[in-house]
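If you want the building blocks of each chain, they are given just below.
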Amino acid sequence: MRHLYSCPFNGGCISAWSSWSHRRSFTLYIATTEYASHMKLFVSEGNPHCLKVLAVLKVTGVKCDVQHVNHEEKVVPYLSRPSLPALLLPSGKHLFTANTICRYLGEVSGQPSSDLSNQWLEWEASELQPAVAQALHLMVLQGKRGEEASSALQGPLSYLEQSLSKKTTSFLTAEVVSVADMVVWAALYPIMSDCILVSGNRVKVQNWFERVGMLAACVSSAQEVLKGKGLKAEALKAYMQKQPAPFHSQTQRRDHQPCNSPEQDDVGDRVMSEEEIQTATLTWAKGLTNTSVITHRQHPILPKEGKRNILVTSALPYVNNVPHLGNIIGCVLSADVYARYCRLRDWNVLYVCGTDEYGTATENKAREEGLTPQQICDKYHHVHASIYQWFQIDFDYFGRTTTEKQTQIAQNIFWRLHERGFLLEDTVEQLRCETCQRFLADRFVEGTCPFCTYPEARGDQCDKCGKLINAVELREPKCKVCSQTPVVRSSKHLFLDLPKLEAELEQWLERSTGSGDWTANAKQITRSWLRDGLKPRCITRDLKWGTPVPHPDFSDKVFYVWFDAPIGYLSITANYTDQWEKWWKNPAQVELYNFMAKDNVPFHSVVFPCSLLGAQDNYTLVNHLVATEYLNYEDTKFSKSRGVGVFGDMAKDTGIPSDVWRFYLLYLRPEGQDSAFSWADMAIKNNSELLNNLGNFINRAGMFVSKFFENCVPAMDLQPEDQRLLAQVGWELKQYISLMDKVKIRDGLKCILNISRHGNQYIQVNEPWRKIKGEEADRLRAGTVTGVSVNVACLLSVMLLPYMPTVSQTIRQQLNAPPTVTATLLQGSGNFVCCLSAGHHIGVVSPLFQKLEADQIEALKKRFGGQQPKASTQVDVSTQPAPSSAAQVVMNGVDPERAKELTHAVADQGEKVRMLKSQKAEKAAITAEVAKLLDLKKQLAMAEGKNQEPAQTKSTKKAQPASSLAPAAQAVNSSDPERAKELMLAVAEQGEKVRILKGQKAEKAVITTEVAKLLDLKKQLALAEGKNPEPVLMKGKKK
């Protein structure tokens, strides 16, 4: 089966083969059978995709004729529209997408793509290309070069910067340039070759971009396609004029934003057509129907004929760990939001979860606390249950795996696999700790990865490269309990014969991923397992605490936790209802959604499905696998032992309501990349999004009804402006439903916030508090605006229910909303109807949220920061007075800690200014906030040791480097270790750049310029180290 995806950037098609295991073999097949004679590559001037293929062609040295054609020429005869570049093979076949051509050229040159290279190519096609397309459209055709244009690239560039920062190699995949480097470089070339758009905080990206761009193949290709002019190339403009405008929806922009970056300004409100406005007005007029109220659930919940039956599971948390915020958002909270949404849609849903209680970790925890394993499980099962209850996780049943049902079902699946020949026996070499007197489970062995040399690889898998590992393959293994070196011993075990099930698994995967909603990382991780070829997987362990293996030859063993634990979903359901098989042996009627973090993916997409497929008992297999990336804590990892991070049992002691915790975790849910919890950011999101945006709108709408209309919703006479708002809100509602149906939980939340932003702007423009004091027409207008606003607030209460259930209920209580609203508004594709008609009596309105104060946040940050070397000071840009200039001057003229704080403060204040402008606030209010922004920029310049004037006015010259501001004599004997550390890296990178230029025999003037930069950096380094810079400068001169 083959899929075609439309790409707005090149107007062509991107071919993708859904059978993962055959995609690479297809390329290799062509490469080995077609490369017998000359090929022909068709390119056009000004087309950035042609820059990719030309650069790869030149760097690989593949023999190929190149023919330049115009943009409109149809080279591939069977395509309905022109598609360039295109590669004509000797057989007459065509390859007509740039990345496929580039990968093919790499294959025929003897440089096959690695898994990592393929991942970069997929990222470039799915993430970077759409962002570049949008940015080019704005810059080349609309002449926009500022933040509006660059914001489209923030997400991809942040991801690239983060990835490069973690690498020890010069290029994306290795020490030598790869096809992936060339493709990503070429995609960015038109934009990054314009120095105006290069952001100073993308140092790694900039250095990598320059390293790749120095290659002769890149220089000549850029000259050939774009005349070396980047955005200024006339050919690029001519090419862009022929392309369809990229889709500028809010949804697309959100997909490419960093998880917890500030919300970017919209390019502009979506212009509603007359047809959309008319439809929205007619829908509004229908009002609430006689739809039955969503009733309380009747247990046990079982599948129903004619209904959509959805079974939701979240990865079973391991019982001996107290879950931290990352565990909560990755599994139970995400699943809870989706299950609540399903109930709002009137789908028949069952949500089950429970604690995973068997294994070595439990045995060790029991030994540490002087309890039995069962007592440990009982204790921590209660801990987990109470945490999830506080977070309002609404399970239909929360169970556990230490039950008789677990033993029965697991042993039944085992025997069915055994009877059908899917189990193997083999002798295994295992690591045994003689000090602890036990064989070591995978999670209790740590060592150096044999593949990538990562020093903290586990005994089953490396977290860095993702490769599966046999524990005995680890270099320098250590027992994680006693830190002693284990010895190798032999033991007889049973294996699941995954290779024998591989073909059936691939057929099922093709169906499931083709029809279901699998996240990109879930597909990618599964694909990587299949690419490497499946191997038999051990399902037994030499332990005592676990489900016993029923085979007489293995009676002293238990099931390995990753064979046993997923079966817990079935046994937990069986403990909920004796009719559990109606859910788990009913694939024709039931859709299964699995929620988890990415490290659990292979066991849910490969190992567990193979167990169920091999059992041949008509089991329900996963239809939708939803995996998150990782949530970090303030740029580090959660650590209970070090006291770093917020764990579930601590959150309720912070005084912050659970709904606010839910909101913030869902706001930064790591859907496309890792994100980080930040106390400062949490305060900003609470104070700006909840308090000033959402809460402000809902409270104002309700208060206007109470204050001006005696608690009764006034009559509404809709004008074109009101109808336009109905259409905008209705459109956001449809987007919300579309996103939530696809489990785009974070983006669904942004739709809610967009609606309240529209509502705030609507109130601000119409000023009902003034009109109510005017003539009759003005008072009627005030009534209409108030009535419409309070109905929007009612809609928001329903949309909020999956995210903030208590707040949702509070809003509906304050508005005295009819019970049928929850059963009406989210039906079909969304119905924004008038819920609170004229005369409806509302309840008592009160504020929904409280401000998080700077001192409160600072105290919490210190409390959960563990053993931090230095406490930082939180900046409250809205209330804190600006310190005097004298107070900010430090001994070296540079204060890195202060600069870091102020950088965040400038970003936050900039967001506040943009929000005020978008809401068309009063000019005086905007001016006051702009003044604060300029003052913060001034403080930042001083903290960085720069001249403060450039931060205030654009007309002044650029600030000089910090080293030129203070005499060398002042710096001697006054060191700045933080600044020195930064400068050491900068000197190393600049030195590498100079060496590359000299090695490539670049022009003398270019080398001289870069050498001067290197010497200046060395001078700054000497000053930061408290040394006299003169000897450093003398080394650069000839004697």
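Residues numbered from 1 in each chain as written. Predicted model: local features only at pLDDT ≥ 70, side-chain atom pairs only at ≥ 80, totals over all residues. Heavy atoms only, no water.

Section: the overall build of the protein
Rule in force here: Secondary structure elements follow DSSP: runs of H or I no shorter than four residues count as helices, runs of E no shorter than two count as strands, and numbering proceeds from the N terminus. Throughout, exposure labels follow a simple rule: accessible area from a 1.4 Å probe, protein chains only, divided by the maximum for the residue type, with under 20% read as buried, over 50% as exposed, and the rest as partly exposed. Contacts were defined at the residue level, with two residues in contact if any of their heavy atoms lie within 4.5 Å. The method behind every accessible area is Shrake-Rupley, applied with a 1.4 Å probe, and residues are considered shielded solely by the protein chains displayed.
Secondary structure summary: the protein contains 39 helices and 22 strands in total. Across the 1039 residues in the protein, those meeting the buried criterion constitute 56%. Considering only contacts in the protein between residues 6 or more positions apart, those separated by 24 or more positions represent 76%. Accessible area for the protein stands at about 44600 Å²; split by element, carbon and sulfur atoms hold 52% of it.

Describing the environment of W415
Relative to the helices and strands, W415 is located in helix α16 (residues 404-419). Take W415: its relative accessible area is 30%, and that puts it in the partly exposed class. Along the backbone, W415 and V549 are 134 residues apart, and their C-alpha atoms lie at a distance of 9.8 Å.

Here we look at the pairing of strand β7 (residues 309-314)
Taken residue by residue, a regular strand's side chains alternate between the two faces of the sheet. Applied cut-off: Two strands make a pair as long as DSSP finds a minimum of two bridges between them. For crossovers, right-handed means that the path from the first strand over the helix to the second runs clockwise, given strands pointing away from the viewer.
Counting buried positions along β7 yields six of six residues, so the element is predominantly enclosed. Going residue by residue along β7, you find N309, L311 and T313 tucked away on one face and I310, V312 and S314 tucked away on the opposite face as well. Two strands pair when backbone bridges link them, and β7 and strand β8 (residues 348-355) are joined in this way by five bridges, in the parallel orientation. Within the sheet, the bridge partner assigned to L311 lies in β8 and is L350. Since β7 and β8 lie parallel, the crossover through helix α13 (residues 325-344) that links them has a hand, and here it is right-handed. Sheet topology places β7 next to strand β19 (residues 590-597); six bridges connect them, and they run parallel.

Quick word on the packing of aromatic side chains
Worth spelling out the cut-off: Aromatic rings from Phe, Tyr and Trp, taking only the six-membered ring of Trp, are treated as a pair when their centres fall within 6.5 Å; an angle between ring planes under 30 degrees marks them as stacked, one over 60 as edge-to-face, and anything in between as tilted.
In total, this model carries 35 aromatic pairs according to the counting rule given. Ring geometry for Y397 and Y576: centres 5.7 Å apart, planes at 45°, overall tilted. Pair noted here: Y397 is in strand β9 (residues 397-400) and Y576 is in helix α20 (residues 567-576), with a separation of 179 residues, a long-range link. Owing to a relative accessible area of 27%, Y397 belongs among the partly exposed residues under this scheme. Residue Y576 is classed as buried on the basis of its relative accessible area, which comes to 14%. Aromatic pair F663 and Y667: ring centres 5.7 Å apart, planes at 45°, arrangement tilted. You can see F663 and its partner Y667 sitting in helix α24 (residues 658-667), four residues apart, about one turn around the helix. Exposure remark for F663: the relative accessible area of 2% places this residue in the buried category.

Side note on the sheet that holds strand β6 (residues 94-95)
Backbone-to-backbone hydrogen bonds pair the strands of a sheet. The strands run either parallel or antiparallel. Cut-off, in case you're wondering: For every element, the axis is a line fit to its C-alpha atoms; helices are fit only across the contacting stretch, and the angle between N-to-C directions ranges from 0 to 180 degrees.
Here four strands make up an open sheet; going across it, the order is β4-β3-β5-β6 and the pairing mixed. The open sheet has two edge strands with one neighbour each: β4 (65-68) and β6. Two elements, strand β5 (residues 86-88) and β6, share two bridges in a ladder whose sense is antiparallel. The residue of β6 that forms the bridge with L87 is L95. Here helix α2 (residues 48-60) sits on the sheet in contact with β3 (40-43) and β4, set at roughly 145° to β3.

Regarding the nonpolar core
General note: in soluble globular proteins, nonpolar side chains tend to be found buried as a group. Rules: Grouping buried Ala, Val, Leu, Ile, Met, Phe, Trp, Tyr and Cys residues that are joined through side-chain atoms within 4.5 Å yields what is termed a nonpolar core.
In terms of nonpolar packing, the biggest core is built from 183 residues, with Y338, I413, W661, W679, Y736 and Y803 touching the most fellow members. With sequence-adjacent residues up to four places away left out, W679 is seen in contact with Y633, E634, V646, T654, I656, W661, I857, L860, K861 and F864. Formed by 62 residues, the second largest nonpolar core is a distinct cluster that contains A55, V62, L128 and L136.

A word on helix α18 (residues 520-531)
The condition is simple: Here, expected helix span is obtained from the residue count minus one, scaled by 1.5 Å.
End to end, α18 covers 16 Å across twelve residues, agreeing with the expected 16 Å (1.5 Å per residue, within 8%). For α18, every residue scored as buried is listed here: N521, A522, T526, R527, S528, W529 and L530. Residue G533 follows α18 closely and has a positive phi angle near 85°.

Considering the packing of α24 against helix α25 (residues 679-709)
What counts is decided by this rule: Note that the term roughly parallel is reserved for angles under 35 degrees, roughly antiparallel for angles over 145, roughly perpendicular for angles of 65 to 115, and oblique for everything else. Residue classes follow a fixed rule: Ala, Val, Leu, Ile, Met, Phe, Trp, Tyr, Cys and Pro count as nonpolar, while Asp, Glu, Lys and Arg count as charged, and any other residue, Gly among them, counts as polar.
At a closest axis distance of 10 Å, the pairing of α24 and α25 adopts a crossing angle of 105°. On the basis of the axis angle, α24 is roughly perpendicular to α25. Together, V660, W661, F663, Y664 and Y667 of α24 and W679, D681, M682, K685, N686, E689 and L690 of α25 make up the contact between the two elements. Partitioning the contact of α24 with α25 into residue classes produces eight nonpolar, one polar and three charged.

Description of the pattern of salt bridges
Keep this limit in mind: Any carboxyl oxygen of Asp or Glu that lies within 4 Å of a side-chain nitrogen of Lys or Arg is treated as forming a salt bridge with it.
Per the counting criterion, the structure on display carries 40 salt bridges. Across the pair K379 and E369 runs a salt bridge, and its minimum N-O distance is 2.8 Å. With K379 in helix α15 (residues 373-390) and E369 in helix α14 (residues 360-369), this pair connects stretches of sequence that are ten residues apart. Judged by relative accessible area, K379 falls into the partly exposed class, the value being 38%. For E369, a relative accessible area of 29% gives the class partly exposed. Residues joined in a network through salt bridges with shared partners are R297, R343, D394 and D396.

Section: the sheet that holds strand β13 (residues 457-458)
The three strands lie next to each other as β13-β12-β14, forming an open sheet whose pairing is antiparallel. What marks the edges here is a single partner per strand, and that holds for β13 and β14 (475-479). Here strand β12 (residues 445-448) pairs with β13 via two bridges, running antiparallel. By the bridge assignment for β13, E446 is matched with R458.

Thoughts on the pairing of β12
As judged from the three bridges shared by β12 and β14, these two strands associate in the antiparallel manner. Its bridge partner being in β14, V445 is matched across the sheet by C479.

Considerations on the side chain of T360
Take T360: it is sitting in helix α14. T360 gets classed as buried once you look at its relative accessible area, which sits at 5%. Aside from chain neighbours lying at most four places away, what touches T360 is Y318, R438, A441, F444 and L543.

Describing the environment of L668
If you trace the backbone, L668 turns up in the loop between α24 and β22 (675-677). The buried category is assigned to L668, whose relative accessible area is 0%. In the structure, L668 is positioned 37 residues away from L631 in sequence and 8.6 Å away in space, judged by C-alpha atoms.

Thoughts on unusual backbone geometry
Put simply, L84 and P85 share a cis peptide bond, and its omega is 0°. Within the secondary structure, P85 sits in the loop between β4 and β5. For the bond from H299 to P300, the omega torsion is 0°, close enough to zero to count as cis. Counting through the fold element by element, P300 comes out in the loop between α12 (274-286) and β7. Of note in the backbone geometry, D346 takes a positive phi value of approximately 65° without being a glycine. Tracing the backbone through its elements, the reader meets D346 in the loop between α13 and β8. Even without a glycine there, the phi angle at Q616 is positive, about 50°.

Concerning the environment of D674
The condition is simple: Think of a polar contact as two N or O atoms within 3.5 Å of one another; within protein, one of them needs to be a possible hydrogen donor and the other a possible acceptor, and neighboring residues in sequence only count if both atoms come from side chains.
By the element assignment, D674 lies in the loop between α24 and β22. With relative accessibility at 18%, the residue D674 sits in the buried group. When the C-alpha positions of D674 and Y159 are compared, they lie 9.0 Å apart, and in sequence the two are 515 residues distant. With residues up to four places along the chain from it excluded, the contact list for D674 reads Q162, K166, K598, E629, Y630 and N632. Looking at D674, its side chain comes within polar contact range of the main-chain nitrogen of Y630, at 3.0 Å.

Quick notes on the packing of helix α29 (residues 776-800) against helix α30 (residues 805-815)
Counted only if it meets this: Each helix crossing is assigned a hand: it is left-handed if the near helix lies turned anticlockwise from the far helix by less than a right angle, otherwise right-handed if that turn is clockwise.
Taken N-terminus to C-terminus, the directions of α29 and α30 make an angle of 150°; their axes are 8 Å apart at the nearest point. Between α29 and α30, the angle falls in the class roughly antiparallel. Seen from above, α29 lies across α30 with left-handed handedness. Between α29 and α30, the contacting residues are V790, A793, C794, S797 and L800 on the first element and P805, V807, S808, I811, R812 and L815 on the second. Residue classes in the contact of α29 with α30 are distributed as eight nonpolar, two polar and one charged.

Some details on helix α22 (residues 601-615)
Quick note on the threshold: Across the chain, bend at a residue is computed as the angle between axes fitted to the seven residues ending at that point and the seven starting from it.
Over its 15 residues, α22 runs 21 Å from end to end, which matches the ideal 21 Å to within 8%, given 1.5 Å per residue. When the local axis directions of α22 are compared, the greatest deviation, roughly 30°, occurs at P609. In terms of burial, α22 is largely enclosed, as 15 of its 15 residues are buried. Phi turns positive one or two residues past the end of α22, at Q616, with a value near 50°.

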